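Each chain, letter by letter, is given below.
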Amino acid sequence: ERSVPIDIRSNDAEISVALNSFELLNEVEVSTETSETFELEWAITFLYDVGSIGSLTIDTENLRCQSEEPLVGSTVTMTNIGSMPAGYGSREIFTDEALCGSVNLGEFSAVQYLTFVATSDAVTSGSYQLMLDGESSECIQFDASESQMKVAIEGFEGVEGVDIVLSAAPDEAQFPYEYKIMFQGNYAYGEWPALQVKPSHFGAAECDSFVGGLGHTAAILPIRDESLCLDGADTTVAIVVDSLTPVGGTFSVSYGQDSSVGVSLDASTSDVKEILSQLMGSNVQVTRHDHDDLSEGIAWAVTYPGTSNKYDQLRIVDTFVTGRNAKVNAYPILTIETYSRENDSSGDFRILLDGELTAPLSHQASQKKILQEMHRLNGIGKVKMLGPVDGEELSSLEFSALIANSFTTQGLKAIALVGDLTSTFAPADRLMIGTCELEIKSISHEDYDETQSAGNIYESLYLLSPETANAKAVGYSIMQIKPSDGTLNFLTDCSQGDGASETIQIGSVLNTGNGVDHSMILKSYTADMDAIDIIPERNWRGTAPRIFFKPPSGLSPRTFTMAGIDVEKVTIRASARTSQGLGPFSNSLAISPSSTVPSAPTSVLLY
């Protein structure tokens, strides 16, 4: 960019106006430092972070001294590089209704995950180099801290600032940490390219060799977080009826400041929608689902536009509900759904909830597996899957298994499946073998061993089969079966013969046609359910694969939340993203919180 001509006799304000016309500068402040007959000097202060904008130069071709000689010279000197203020950051709000509310892998992204994997033993030392657009970093220690990783990445040319979030890696990774890397501002040449691990300096060359573990690998996943939508996000709530015996009677429901309305437990979906529409407006959506937490149950999933009014919540009074231990409550719903255009997703993801990570979960993880991992989080007390809408059914996953009537492990009946399915299934998952409906007692993954377990059966009976070749490459999952006493005979009891590739049905999932819906009802929790991220693993694949997720509380349109504000003034600017990166920023808007003290209550609810 080139400014308008600036008169050499211009004052500070006039020079500021000329420089502020540059699209990328946003706002500068000019002050005169020296004003002598033969020397003029100005200090230019950039008031906001503008990223990498190149060099500032002065064209003095049309400047002359009064004597016409000599020509006027100029220099531009960087006297101080400002530091990023505490609390500085940004959020992107997305406009595509069909795609926002999700995360996906992208070739370019300002958010990237760096993960490491080794086999056998834990890694105890070693280092490596990262590359950005062909430039190499210094060697980085295998257990680098957040600050050490930050220093290494900010050493790249064009990186003005980066935020690092360190988290503990899964035990099976054998490396101690993995990193979420968030670049600040624009990249000089468009979108941020993916970081790379320099192969020749990964525990080699100038960097220290890795000690401990085998087969060391690293992966960098550029994650595009498009979870924040311009049109906001709906609030999702489940009205749940639980009882040990058949239920009857009515319950009342109220919303915001409106009076309660009675609802019969025999009400149809359309009846409940009509009642709630009177309270909440015409945009409410209702679906009815079976619910089996106790012997009898019903769940109505209610979706309505998000609001910033904290009093706009559903409240239930179940005084007139009949049934043993009968109760009606409103619980939040956490929505997670995998998606790919051709329904060909593969790989795993993890749920990061209020700082806690689940183990990897398969894109088609069974409902039992999802619940198993959620219940391992300290902030979760009790979660139940929402399940299918009335009239629809859950699906089972079809797999090929090694079935041998004589195969047992630790004295228990078992089968084997090629590959690692520990992220897909969990104990208590339903298992259909032939005509028998059984249950998984335990599941574990083993490397191929021709001398024992399933490896011995593959090797001795099915040496030339494709399943044996695949099992040698990726191992197999051993599923112990319940009931597992010695009286079960696959052939006589289940009409199922032996074989290396026998079709079985496992687990329960809610298929959508393009993926799997993992929505769940949150019955008891202490975690902040809005503090959720979904992290695809290094093996995530598919045709434009995405993971949609929606926190329960929703969000008003054209709104974002600023947390942890403890300063007197917050400055906000907006910018639109184009194919070349972020465009020029808008004028700044300063917000001064008037108080952090809660106002007087407008109503009190007693339960």
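Residues numbered from 1 in each chain as written. Predicted model: local features only at pLDDT ≥ 70, side-chain atom pairs only at ≥ 80, totals over all residues. Heavy atoms only, no water.

A. Focus on the overall build of the protein. Along the protein, the regular secondary structure elements total seven helices and 37 strands. Per-residue burial over the protein gives 41% buried out of 607 residues. Counting only contacts in the protein whose residues sit at least 6 apart along the sequence, the fraction spanning at least 24 positions is 68%. (Helix = DSSP H or I, 4+ residues; strand = E, 2+ residues; numbered from the N terminus. Buried < 20%, exposed > 50% of the residue type's maximum accessible area, 1.4 Å probe, protein only. Contact = heavy atoms within 4.5 Å.)

B. Representation of the environment of Ile-181 in the model. Relative to the assigned elements, Ile-181 resides in strand β9 (residues 177-183). Sequence-wise, Ile-181 and Ala-110 are 71 residues apart; in three dimensions their C-alpha atoms are separated by 7.9 Å. Excluding anything up to four places from it in sequence, Ile-181 contacts Ala-110, Val-111, Gln-112, Leu-114, Ile-153, Val-162, Asp-163, Ile-164 and Leu-195.

C. A look at helix α2 (residues 146-154). All buried positions along α2 are accounted for by Met-149, Ala-152 and Ile-153. The arc enclosing the buried residues of α2, seen along the axis, measures out at 90°, which places them on a common side. Of the surrounding secondary structure, the elements contacted by the buried residues of α2 are β4 (111-119), β5 (127-132), β7 (140-141), β8 (162-168) and β9. (Arc of directions from axis to C-beta.)

D. Main features of the packing of aromatic side chains. For the coordinates displayed, the defined rule picks out 14 aromatic pairs. Ring plane angle 85° and centroid distance 6.4 Å describe the contact between Phe-349 and Trp-540, whose orientation is recorded as edge-to-face. Pair noted here: Phe-349 is in strand β20 (residues 348-353) and Trp-540 is in the loop between β32 (532-536) and β33 (546-550), with a separation of 191 residues, a long-range link. When its relative accessible area of 0% is taken as the criterion, Phe-349 is described as buried. Relative accessible area serves as the criterion here: at 2%, Trp-540 is assigned to the buried category. Judged by centre distance (6.5 Å) and plane angle (35°), the rings of Tyr-448 and Tyr-458 are tilted. With a gap of 10 residues between them, Tyr-448 in the loop between β28 (436-446) and α5 (453-461) and Tyr-458 in helix α5 connect regions that are remote in the sequence. Each member of the pair, Tyr-448 as well as Tyr-458, carries the same accessibility label: buried. Linked through ring pairs, Phe-116, Tyr-128, Phe-175, Phe-202 and Phe-210 together constitute an aromatic cluster. Geometry around Phe-490 places Lys-413 over its ring, the cationic atom sitting 5.0 Å from the centre. (Phe/Tyr/Trp six-rings, centres within 6.5 Å; stacked < 30°, edge-to-face > 60°. Lys NZ or Arg CZ within 6 Å of the ring centre and 35° of its normal.)

E. Focus on the state of the cysteines. Throughout the structure, instances matching the rule amount to three disulfides. Two residues share a disulfide in this structure: Cys-100 and Cys-229, whose sulfurs sit 2.2 Å from each other. The S-S bond linking Cys-100 to Cys-229 shows a torsion near 115°; that makes this disulfide right-handed. Highlighted residues: Cys-100 in the loop between β2 (40-46) and β3 (102-105) and Cys-229 in the loop between β11 (214-226) and β12 (235-243), separated in sequence by 129 residues. We classify Cys-100 as buried; its relative accessible area is 12%. (Disulfide = S-S within 2.5 Å.)

F. Examining α5 more closely. Within the sequence span of α5, burial applies to Ala-454, Gly-455, Ile-457 and Tyr-458. Here the buried residues of α5 occupy an arc of 160° about the axis, which is enough to place them on one side. Elements that come into contact with the buried residues of α5 comprise β24 (395-403), β26 (412-418), α6 (466-474) and β29 (476-482).

G. Structural detail: a nonpolar patch on the surface. A contiguous nonpolar patch, built from Ile-8, Leu-40, Trp-42, Ile-44, Phe-46, Leu-56, Ile-58 and Val-76 and spanning about 640 Å² of accessible area, is present on the exposed surface. Locating Ile-8 in the fold gives a position in the segment before α1 (12-19). Of the residues examined, Ile-8 reaches a relative accessible area of 38% and is grouped as partly exposed. (Patch = residues over 30% accessible without salt bridge, like charges linked within 9 Å, V, L, I, M, F, W, Y side chains within 5 Å. Areas by Shrake-Rupley, 256 points an atom, 1.4 Å probe, with all protein chains shown as cover. Salt bridge = Lys/Arg side-chain N within 4 Å of Asp/Glu carboxyl O.)

H. Just the side chain of Gln-184, in detail. One can find Gln-184 in the loop between β9 and β10 (196-202). Among the polar contacts made by the side chain of Gln-184, one reaches the side chain of Asp-163 at a distance of 3.0 Å. (Polar contact = N/O pair within 3.5 Å; in protein donor to acceptor, adjacent residues only side chain to side chain.)

I. Representation of the environment of Pro-332 within the structure. Residue placement: Pro-332 occurs in strand β19 (residues 327-339). Considering only alpha carbons, one finds Pro-332 and Leu-522, 190 residues apart in sequence, at a separation of 5.6 Å. Apart from the residues lying within four places of it in its own chain, the contact partners of Pro-332 are Thr-236, Val-237, Met-520, Ile-521, Leu-522, Tyr-525 and Pro-552.

J. Representation of the confidence of the model for the protein in the model. Looking at the protein as a whole, the pLDDT averages 85, with 88% of positions reaching at least 70. Note that residues 599-607 has pLDDT below 50 and, in this model, six contacts with residues that lie over four places away or in other chains. (pLDDT = per-residue confidence, 0-100.)

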